[in-house]
Amino acid sequence: MPQQELQLDLLTSSWERYSQTQRGWRAGMLTGDVALTLLAEKLVEDFYDAD
């Protein structure tokens, strides 16, 4: 019986870690997208200002 409880605890903790990782990854992607967009806009502005 304790073996099953241990497995359940492991499953729960690994799931929590997974969902935290997913959340962090998604936030990181979002931040990266925003940074890339801003960088692209700046590059475009610099390109057109050069003329």
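So, a few notes on the structure that sits alongside this text. What you see is a predicted model, and the numbers here were worked out from it, not measured in a lab.

**A word on the packing of aromatic side chains**
In the structure shown here, the tally under the stated rule is two aromatic pairs. Ring geometry for W15 against Y18: centres 5.4 Å apart, planes inclined by 35°, an arrangement best described as tilted. Pair noted here: W15 and Y18 are both in helix α1 (residues 2–49), with a separation of three residues, about one helical turn. Relative to Y48, the ring of F47 has its centre 5.5 Å away and its plane inclined at 70°; by these criteria the two rings are edge-to-face. Considered together, F47 and Y48 belong to a single accessibility category, that of exposed residues.

**So, the pattern of salt bridges**
Summed over the entire model, instances satisfying the criterion amount to one salt bridge. The closest approach of N and O atoms between D46 and K42, which form a salt bridge, is 3.1 Å. Of the two residues, D46 and K42 both sit in helix α1, four residues apart, roughly one turn of that helix. The exposure class assigned to D46 is partly exposed, which follows from its relative accessible area of 38%. Overall, the relative accessible area of 46% leaves K42 in the partly exposed class.

What counts and what doesn't
Within any chain, residue numbers begin from 1 and follow the written order of that chain's sequence. Predicted model: local features are reported for residues with pLDDT of at least 70 only, side-chain atom pairs are reported and counted for 80 or more only, and whole-chain, interface and lining totals are derived from all residues. Hydrogens and water are ignored here; the side-chain numbers use all heavy atoms of the structure. By convention, a stacked pair of Phe, Tyr or Trp rings (six-membered ring in the case of Trp) has centres within 6.5 Å and planes under 30 degrees apart, an edge-to-face pair has planes over 60 apart, and any other such pair is tilted. Secondary structure elements follow DSSP: runs of H or I no shorter than four residues count as helices, runs of E no shorter than two count as strands, and numbering proceeds from the N terminus. Whether a residue is buried, partly exposed or exposed follows from its accessible area with a 1.4 Å probe, protein chains only, as a fraction of its type maximum: under 20%, in between, or over 50%, in that order. Salt bridge, as used here: a side-chain nitrogen of Lys or Arg that lies within 4 Å of a carboxyl oxygen of Asp or Glu.

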